[in-house]
Structure formats: C-alpha cells, structure tokens
Amino acid sequence: MKEKAERLHDIALQMEKCKTEEEVYDLIVNAARNILSFDVYSLDILEGEELVVKRKSPEINCPLRTPKDEGIAGKTLLTGKTIVIDDIKSAPEARPVNPRIRSAISVPIGEYGIFQTISYEVKAFTEYDVKMAELLSLHAAEAIRRIRVQKRERYLAFHDSLTGLYNRAFLEEELNRLDTERNLPISIVFIDVNMLKIVNDTYGHFVGDDYLKEIAKAIQKSCRHEDLVVRWGGDEFVILLIKTEREKAKEIVKRIEIKLAKINHFPVQVSVAAGTATKTLPGEDIHQVLREAEKNMYENKRLFKIQSQKAKTSDEA
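Notes on the structure follow. Within each chain, residue numbers correspond to sequence positions counted from 1 in written order. The predicted nature of this model means local features are confined to residues of pLDDT at least 70 and side-chain atom pairs, given and counted, to a pLDDT of 80 or more, with totals for whole chains, interfaces and linings taken over all residues. To obtain the side-chain values, all non-hydrogen atoms of the structure were included, while hydrogens and water were left out.

Notes on the nonpolar core
One finds Met-15, Val-24, Ile-28, Phe-38, Ile-109, Phe-115 and Leu-136 to be the most contacted residues of the largest nonpolar core, which totals 33 residues. In this text, helices come from DSSP runs of H or I with a minimum length of four residues, and strands from runs of E with a minimum of two, each type numbered from the N-terminal end. Looking at this core, the elements that each hand over two or more residues are helix H1 (2–15), helix H2 (21–34), strand E1 (41–47), strand E5 (103–109) and helix H4 (127–158). The element contributing the most residues to this core is H4, with 10 residues. By definition, residues are in contact when any of their heavy atoms lie within 4.5 Å. Look past the residues within four positions of Ile-28 in its chain and what remains in contact with it is Met-15, Leu-43, Ile-109, Phe-115, Leu-136 and Ala-140. Val-189, Val-253, Ile-263 and Ala-274 belong to the second largest nonpolar core, which has 28 residues in total. The definition of a nonpolar core used throughout is a set of buried Ala, Val, Leu, Ile, Met, Phe, Trp, Tyr and Cys residues joined through side-chain atoms within 4.5 Å. Relative accessibility thresholds used throughout: buried, under 20% of the residue-type maximum; exposed, over 50%; partly exposed, between the two (1.4 Å probe, protein chains only).

If you want it as structure tokens, here you go:
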C-alpha cells in the first residue's frame, strides 16, 4: 500500500508538468493499470452535453459519446461523488455493456469527467482501491483545471475580446516567426473601417460594436484558412498573407468589399479603406512592409472621404 501511494505521488508530480490534457489522460491510464491494477477501465470527459470516451481498455465495447445525465456515469458526474457497486444486479440504473460485469467503481474527475473501472467478480474492489482511485482522480482534476486556466489565459492574451480575432500582440509574434525566405512573397493588407465614428456618435457604441463584429466576420470569411486576420486596434484590421503575391492580396480585398456591400441592416453603408504591400526579397524589413500597407490604406481613406464629400454635395444640389 505504501509503495502504491508513493508511485501515485510520482504520477501527481508528473501531472503538474503536463502541458496538454492528452498527457493527463495517458498518466491516468498508466497509473490505473500499472499501479492500481485496474485493467478494465473507461475515462470519459465532459464536452458540452455529452461524456466523451478519451481512453478505454480494449475489453470495453461502448458508445464513444453518451448524454451527460445517463447511467452510473451521469449520476457520478451530477453528484460529484464516487459510486461503488458491489453487484451490478443490485443497481437498476447501471447499464453494463457486457453481461459478465459484476462490480464497478465510478469516480468523478472534478467537474470535468469520470473514471470507471469494472470487474467480472462481485465485490472485487476494496475500500483502499476506492481511496486510491479517488486520489488519482483528484490529482487529475487539478491538472486539467490548471491546463484549462492556462489555455484560457493564453487565449485572452492573444485574442480580441470583441471580435474573437487575433490581436496585435499575436501578430507581432507571428511576424517574427513567419518572416522567412520560404514564405515569400508575404503580403499585408491594412484595413480601416469607414463611418465607425458616425455610427458610435449617432447610434451608440452597442451598435458600433455590432458594426465592427459584422465587418470582422466578413473579413475573415473572405480570407483563406491559412491567412492570419488580426484586429490591430480600434477600427483597424490587418491581414497577413504568406506565399501570396500582391495581386492576390488585392483580390482578397475585392472579396471583402463585395461581402460588405451586401450588408444592409445598418443605418450607414458598410465599407472599409484598405491598403496592400508585399515583401518579395529576403532583405526587406517586414515591419516596413506593414507601414507601407498602412500608408496605402490612408491614401485610399483620403480618396474615400473626397468621393463621399462629392456625393454629399451632389445630393444637396
């Protein structure tokens, strides 16, 4: 017993170093089989409204997804308490996948899922087995919680909270990572949203936020899967396009303009001003290319204002 406890402690220390949940799942299974001698098991993690099997022994033939409130697994998750079944025949809510199954332990892994082990014998598990399974699940739950918190923190650090797009900090990291000769040509599109100040001042910032979100969605849908779309800040967006000629970047801008022109549920015509620039030679400074794209955007912005003023004057006349 002392040896098992010490080995579980080692597993707990390993879990503290895990960077992904998959690593935690593997450690749970390793400990269950090699330390606790639980050879027949199922590890299920909650995803939305379902418990999803992440690891299981070959002997278990069960659905890979089940509703989170069904059977012994569902009851374990709902109550957050370990369920020990000495004889399956005395547990009407149990739904064994094999008629040979006679006893089981079902242990919650915090609020994240459950671990179950079964036996083909009645009263196969001791109180010590239960305590060890609970200890293992306790360490696993803490590891999963830590990993998810870190993942959430990283998401918030590199994503814009309004649009869900990547933010400026992430772009700056990616510029350094992707600025290599094998990714040439690298094109950059700098975008500024037209009419946002008028929308905010006239109709309020809630409408302005919806305006920005709709534009962000149109920009993202106009790009390819591998393109990096970023909210630069305020009413500005940047698109980073690796292995993309400038003419292709301009085609993407055209697609964006066509999509925006179809949006008709705002009190103003939705539009943007965009500028493009392309790095074609290894020695060029990618940050200078970004500035060039911004400069070209401002020139197009100036032309948009001139055209808008002319249209306004013409309407008044």
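Considering helix H5 (residues 168–178)
Buried residues of H5: Phe-170, Leu-171, Glu-174, Leu-175 and Leu-178, and no others. Here the buried residues of H5 occupy an arc of 140 degrees about the axis, which is enough to place them on one side. In this context, the arc is that of the directions from the helix axis out to the C-beta atoms.

Focus on the packing of aromatic side chains
Any Phe, Tyr or Trp ring, taking Trp's six-membered ring, that has another such ring centre within 6.5 Å forms a pair; planes under 30 degrees apart are called stacked, those over 60 apart edge-to-face, and the others tilted. Considering all chains together, one arrives at six aromatic pairs under this definition. Both rings, one in Tyr-211 and one in Phe-266, keep their centres 5.3 Å apart while their planes meet at 85 degrees; by these two values the pair is edge-to-face. Of this pair, Tyr-211 sits in helix H7 (residues 205–222) while Phe-266 sits in the loop between helix H8 (246–261) and strand E11 (272–279), and the two are 55 residues apart along the sequence. Both residues of the pair, Tyr-211 and Phe-266, count as buried. Ring pairing ties together the aromatic residues Phe-158, Tyr-166 and Phe-170, which thus form one cluster. Think of it as a cone above the ring: NZ of Lys or CZ of Arg counts as a charge over the ring if it is within 6 Å of the ring centre and within 35 degrees of the ring normal. For Arg-100, the ring lying beneath its charged end belongs to Tyr-120, and the centroid distance is 4.0 Å.

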